[in-house]
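# Architecture at a glance
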Amino acid sequence: MNPRSVYSLLCALAATAAARAAELPAKAGAFVEKHCAGCHDAVEKKGDLDLTALALNPADPKNFALWLKVHDRVESGEMPPKKKARPAAGELRDFLGVIGKSLAQAEQARFGGEGRATQRRLNRYEYENAVRDLLGAPWLQIRDSLPEDGEAQRFNKVGDALDVSHVQMARYMAAADHALRQVMAKSIERPATTTRRYYARDSMPPRANNQAPERQTFPVLGSSAQPEVRTGKAPITVGAADPATRELEGVGIVCSTYEPIEPKFRQFKAPMAGRYKLRLSAISLWVGPTKDPKRPQNWFIPDFDDVSRGRRLEPITFYSEIPPRQLRWLGTFDAAPDPVVHECEVWLLEGETIRPDAARFFRSRPGASRWQNPLAEKDGQPGVAFRWLEVEGPLFEQWPTAGHRLLFGDLPLKKAERAGGGLDVVSADPKADARRLLTNFVARAYRRPVAEAEVQRFLPVVDSTLKSGASFADAMINGYTAVLCSPEFVCLTEKPGKLDDHAIASRLSFFLWNSAPDAELRALAEKKKLRDPATLRAQTDRLLNDPKAARFTDAFLDYWLDLRRVNATAPDEILYNDYYLDDLLVESALGETRAFFTELLRGDLPARNLVASDFAMLNDKLATHYGLPPVEGVALRKVALPPDSVRGGLLTQAAVLKVTANGTTTSPVMRGAWIMERILGQPPPPPPPSVPAVEPDIRGAATIRQQLEKHRTLENCSACHSRIDPPGFALESFDVMGGFRARYRAMSDNVSTTNIRDRPPPTIPPEPGVGKGGQKFQFH
């Protein structure tokens, strides 16, 4: 047979095999031919899908996913399209029954052979929490030193997306080594717990000649001005000689903290990582306007000789800081007109200092008025005065700490003789001690019973390090690092079939705490009690009511709602200068969504609250931003919404509206697609590569609705946009920071034509119209 004949025969056999593979069960094939082939055959191939050549082979994951999508879209009535004839009830039932049964059988077979979950490594959140809990060190910061996690279905908890590479393992080893060395004792004796007070006057920044008046700090005594101190005619502080007067001395500000004026309490730096109590004395003030008639807009300029008691609560944010300006949020409280000492307990890193921020007074805004207090009125402006910061700590429950004892037990410490000093752990029998300590550590680190052979494999790491001349502590750290990078710690492994009690404990704990099971869960797993429904429910309630459950809320919302990207974009500094660098607004918005979700969980509230709740979690900042009745104070609390409010649920919350915008414009397409995927669970397919994106025309040539109506005339776009656009337009009344609007903002000569927030929304949306400088905006 000549080569050409052989080639022809092979082609014929391949074509026959393909035809057989494409065969569907009779009822399913008839349905496809009658209702699908007109659009999804080899000629039309709409959506890049040819159902006439698609085999039903659900054992193949890609084939399974395609047929699942076909099944779901037919079942929901989305396909065939509305303009096509609808299938008869019997036809529909037969098609869905055949396809659904095949998919279900394939899935059950896969679960039986492989289990429901793919073995996966811990993501960055889980690894950090597991190491923190194991070592008893909640302050450890190692997550950001690990590579970004892969995502599947928008989440970072799917094994198929959490690959393992040599780069990742190198990072895990470095992170583990760092964490282990951080929990080692730094001194033989327990460090003293001290209480020291740091006065704001002792670090009061000097007045700079080139500072605008409103940027300057100013001295106050109680709630009164001290012009003699401000002008240098009296000492900056009375000092320790007059404790009663010193208690009343304060440093006042009328704009949020900025490098030249920020009170940092620089005298304090955390001597070591650990737990501390902070107490801050601060009061709110009212500062009158300047009397100088030569100054334009003189009511914006403060008169530091005209200071009086504050008129309201002023929110203060606590940050820790490691130079240069690496800030970490610690908490918030309200400074009142009457002096109150505010206390909070925090975990600090070594070297961190404390910086309070008068959060309602923006740090800066673009333009000539950038340093003006946005809350200034004709008769003055609010301010705050910081008096002193008191720090108690570091606080210990025991010494050495639980983390050090886990690593080295009760072995004595001594000062190291090597260059650089430090401490050494003293072992009279290194091999015996290494075996004993490693056995205990592995048993604590692994989330199941440990065999002796599993401990044996780490001993050579310790032995080889000791032979190289390293100290016993360094040798043990190397061994422990190997444990924390081993598959048994880094990965979650589940055998096919029913989960054993230890796997159940891990599933429950990593779901609700993003960390390993605690001692109580492990004890129940050892006794095989977690299969009991009553016990499992009780443990679920216990985990949800524990403070660690906040880890679930934060991590889940970070990915489900994209809250981790809340600072990925910033409102345009000119178009939205009233939002620019308003940290309190962003922090309050983030807290609102987390508090709202927590309220849904704790109250076991119906799912409809996700889109239509009759309450919101608000503070003063958010209530003002939303145009709602006043709420006093910075603390978030549950507030009933007025019956005619446009707020309620997740979709009208500032954080959600911010992550679905880009800082300059909003897009109904982006928000609509986001809602389809995140709220309704119906992700639209990606747009065809040949179709350009729709960008809003802020010149006023056409409304975004008109542009999208034109876009929907394209046949390739209509099917998706008919679902995406309605929910997107429902949110078009909200700007890039969630403020209600009746018109778009626009710029003329680099100046925003609308530089203050629109007033609270009316009960009934206004008629279509054109606002000054704004694009015509139609409500439907």
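Residues numbered from 1 in each chain as written. Predicted model: local features only at pLDDT ≥ 70, side-chain atom pairs only at ≥ 80, totals over all residues. Heavy atoms only, no water.

## Structural notes on the overall build of the chain
Convention followed: For the purposes of this entry, the term helix denotes a DSSP run of H or I that reaches at least four residues, the term strand denotes a run of E that reaches at least two, and both are numbered from the N terminus. For each residue, the accessible area found with a 1.4 Å probe, counting protein chains only, is set against the maximum for its type, and the residue is called buried under 20%, exposed over 50%, and partly exposed in between. Computed with the Shrake-Rupley method and a 1.4 Å probe, the accessible areas treat only the protein chains shown as cover for residues.
Within the chain, the regular secondary structure consists of 24 helices and 19 strands. Buried positions account for 48% of the 780 residues belonging to the chain. With an accessible surface of roughly 38400 Å², the chain has 54% of that area assigned to carbon and sulfur atoms.

## Re the packing of aromatic side chains
Short version of the rule: Only Phe, Tyr and Trp rings take part, Trp by its six-membered ring, and two of them pair if their centres are within 6.5 Å. Stacked means planes under 30 degrees apart, edge-to-face means over 60, and tilted covers everything else. Ring-over charges, as used throughout, are those where CZ of Arg or NZ of Lys falls within 6 Å of the ring centre and within 35 degrees of the ring normal.
Scanning the entire structure with this criterion turns up 20 aromatic pairs. Judged by centre distance (4.3 Å) and plane angle (15°), the rings of Phe-218 and Phe-304 are stacked. With a gap of 86 residues between them, Phe-218 in strand S3 (residues 218-221) and Phe-304 in strand S7 (residues 302-309) connect regions that are remote in the sequence. Measuring from centroid to centroid gives 5.9 Å for Phe-734 and Phe-740, while their planes differ by 85°, and the two rings are edge-to-face. Cluster of aromatic residues (ring-pair linked, three or more members): Phe-155, Phe-511, Phe-552, Phe-556, Trp-560 and Phe-597. The residue whose ring lies beneath Arg-197 is Trp-388, and the NZ or CZ to ring-centre distance is 3.6 Å. Taking NZ or CZ as reference, Arg-311 lies 3.7 Å from the ring centre of Trp-286, over its face.

## Observations concerning the nonpolar core
Side chains of nonpolar character tend, in soluble globular proteins, to be buried together. Applied cut-off: Throughout, nonpolar core names a set of buried Ala, Val, Leu, Ile, Met, Phe, Trp, Tyr and Cys residues whose side chains join them through atoms within 4.5 Å. Two residues qualify as a contact provided that any one of their heavy atoms is within 4.5 Å of a heavy atom in the partner residue.
Formed by 83 residues in total, the largest nonpolar core has its most connected members in Tyr-127, Leu-135, Leu-407 and Phe-441. At 8 residues, helix H13 (residues 472-484) tops the list of elements feeding residues into this core. Not counting chain neighbours up to four residues away, the residues in contact with Leu-407 comprise Leu-135, Leu-180, Val-183, Met-184, Leu-437, Phe-441, Ile-477 and Tyr-480. Counting residues in each nonpolar core, the second largest holds 42 residues, with Phe-552, Val-566, Leu-641 and Leu-731 among its members.

## What to know about the pattern of salt bridges
Put simply, the test is: Salt-bridge detection follows one rule: a side-chain nitrogen of Lys or Arg within 4 Å of a carboxyl oxygen of Asp or Glu.
Enumeration over the complete set of coordinates arrives at 51 salt bridges. A salt bridge links Glu-91 to Lys-34; its shortest N-O distance comes to 3.0 Å. Taken together, the residues Glu-91 in helix H4 (residues 89-114) and Lys-34 in helix H2 (residues 26-35) connect sequence positions 57 residues apart. Judged by relative accessible area, which is 26%, Glu-91 ranks as partly exposed. Here Glu-148 and Arg-124 are joined by a salt bridge, their closest N and O atoms 3.6 Å apart. Within this pair, whereas Glu-148 is found in the loop between helix H5 (124-135) and helix H6 (166-183), its partner Arg-124 is found in helix H5, the two being separated by 24 residues in sequence. Taking the relative accessible area as the measure of exposure, Arg-124 reaches 10% and is therefore buried. Among the ionic contacts, a cluster of salt bridges with common partners joins Glu-151, Arg-154, Asp-562, Arg-564, Arg-565, Glu-677 and Arg-678.

## Topic: H6
We count it as follows: Any helix carries an expected span of 1.5 Å times its number of residues minus one. Working definition: the arc comes from the directions between the helix axis and the C-beta atoms, pointing outward to the latter.
Taking 1.5 Å per residue as the helical rise, H6 with its 18 residues ought to reach 26 Å, and the 26 Å between its terminal C-alpha atoms agrees with that figure. Burial in H6 covers these residues: Gln-168, Tyr-172, Ala-175, Ala-176, Ala-179, Leu-180 and Val-183. Down the axis of H6, the buried set is contained in an arc of 130°. They therefore lie on one face. Close packing links the buried residues of H6 with strand S1 (120-121), H5, helix H9 (402-408), helix H10 (430-445), H13 and helix H14 (487-490).

## Considerations on unusual backbone geometry
Cis geometry is found at the peptide bond from Met-79 to Pro-80, where omega equals -5°. With respect to the helices, strands and loops of the structure, Pro-80 is situated in the loop between helix H3 (61-75) and H4. In the segment running from Trp-399 into Pro-400, the intervening peptide bond is cis, with an omega of -10°. Mapped onto the fold, Pro-400 is located in the loop between strand S12 (381-395) and H9. Positive phi, close to 50°, is recorded for Lys-45, a residue that is not glycine. Overall, the relative accessible area of 40% leaves Lys-45 in the partly exposed class. Within the chain, Lys-528 stands out as a residue other than glycine whose phi angle is a positive 60°. Among the secondary structure elements, Lys-528 is positioned in the loop between helix H16 (519-526) and helix H17 (533-544). For Lys-528, a relative accessible area of 62% gives the class exposed.

## Some thoughts on the sheet that holds strand S11 (residues 353-358)
Quick note on the threshold: Only strands that DSSP links by at least two bridges are regarded as paired with each other. Between the N-to-C directions of two axes lies an angle of 0 to 180 degrees, each axis being a line fitted to C-alpha atoms and, for a helix, fitted only over the stretch in contact.
With respect to topology, 3 strands assemble into an open sheet ordered S9-S8-S11, the strand pairing being antiparallel. Each edge of the sheet is formed by a strand with only one pairing partner; in this case those strands are strand S9 (326-335) and S11. Neighbouring strand axes in the sheet, compared pairwise and without regard to direction, differ in orientation by 25° on average.

## Digging into the pairing of S12
Counting buried positions over the 15 residues of S12 gives 15, a clear majority of the element. For strand S2 (residues 194-199) and S12, the ladder comprises 6 bridges, and the chain directions are antiparallel. Looking across to S12, one finds that Thr-195 is bridged to Glu-392. Bridge analysis of strand S5 (residues 249-253) against S12 gives 3 bridges, and the strand direction is antiparallel. Bridged to Ile-253 within S12 is Val-384. With 12 bridges connecting them, strand S6 (residues 274-289) and S12 associate as antiparallel partners.

## As for the confidence of the model for the chain
To keep it simple, the criterion reads: Per-residue confidence from the predictor is reported as pLDDT, a score between 0 and 100.
Overall, the predicted model of the chain reaches an average pLDDT of 85, with 85% of residues at or above 70. In the model of the chain, helix H1 (residues 3-22) stands out as the element of lowest mean pLDDT, 42, in contrast to strand S16 (residues 615-618), which has the highest, 98. The model gives residues 6-22 a pLDDT under 50, and that stretch makes 7 contacts with residues more than four places away or in other chains.

## Comments concerning the side chain of Arg-120
Operational definition: Each polar contact in these results corresponds to two N or O atoms within 3.5 Å; when the atoms are within protein, one needs to be able to donate a hydrogen and the other to accept it, and residues that are neighboring in sequence are counted only if both atoms are side-chain atoms.
Structurally, the position occupied by Arg-120 is in strand S1. Residue classification places Arg-120 among the buried residues on the basis of a relative accessible area of 9%. Side chain to side chain, Arg-120 and Glu-126 meet in a polar contact 2.9 Å long. At 3.2 Å, the side chain of Arg-120 and the backbone oxygen of Lys-157 are in polar contact. Leave out the neighbours within four places in its chain, and Arg-120 touches Glu-126, Lys-157, Val-158, Gly-159, Leu-162, Val-490, Cys-491 and Leu-492.

## A closer look at the packing of H2 against H4
Under the convention used in this document: Roughly parallel here means an angle under 35 degrees, roughly antiparallel means over 145, roughly perpendicular means 65 to 115, and every remaining angle is called oblique. Each crossing gets its handedness from the near helix: less than a right angle anticlockwise from the far helix is left-handed, clockwise is right-handed.
Look at H2 against H4: their axes get within 8 Å of each other, and the N-to-C directions meet at 125°. Overall, the two elements H2 and H4 adopt an arrangement that is oblique. Of the two elements, H2 crosses H4, and the hand of that crossing is left-handed. Here Lys-27, Ala-28, Phe-31, Val-32, Lys-34 and His-35 of H2 come into contact with H4, specifically with Glu-91, Leu-92, Asp-94, Phe-95, Val-98 and Ile-99.

## Regarding the state of the cysteines
The line we're drawing: The disulfide criterion is simple: two cysteine sulfur atoms within 2.5 Å.
The full count for this structure, using the stated rule, is 0 disulfides. Cys-39 forms no disulfide, and the closest cysteine sulfur to it belongs to Cys-36, at a distance of 8.8 Å. Among the residues examined, Cys-39 registers a relative accessible area of 13% and is labelled buried.

## Let's talk about the packing of H10 against helix H12 (residues 459-467)
Which entries qualify depends on this criterion: Here the term charged refers only to Asp, Glu, Lys and Arg, the term nonpolar to Ala, Val, Leu, Ile, Met, Phe, Trp, Tyr, Cys and Pro, and the term polar to all other amino acids, Gly among them.
Interaxial distance between H10 and H12 falls to 10 Å at its minimum, and their mutual angle equals 145°. Crossing angle aside, the handedness with which H10 passes H12 is right-handed. Packed against H10, whose contacting residues are Pro-430, Lys-431, Ala-434, Arg-435 and Leu-438, the element H12 presents Leu-459, Val-462, Asp-463 and Leu-466 at the interface. Class assignment for the residues of the contact of H10 with H12 results in 6 nonpolar, no polar and 3 charged.

## Some details on the environment of Ile-283
Position of Ile-283 among the secondary structure elements: in strand S6. Along the chain, Ile-283 and Val-341 lie 58 residues apart, while their C-alpha atoms are 9.4 Å from each other. Apart from residues no more than four positions distant in its own chain, Ile-283 is found in contact with Gly-222, Ser-223, Ala-335, Ala-336, Pro-337, Asp-338, Pro-339, Gly-383, Val-384, Ala-385 and Arg-387.

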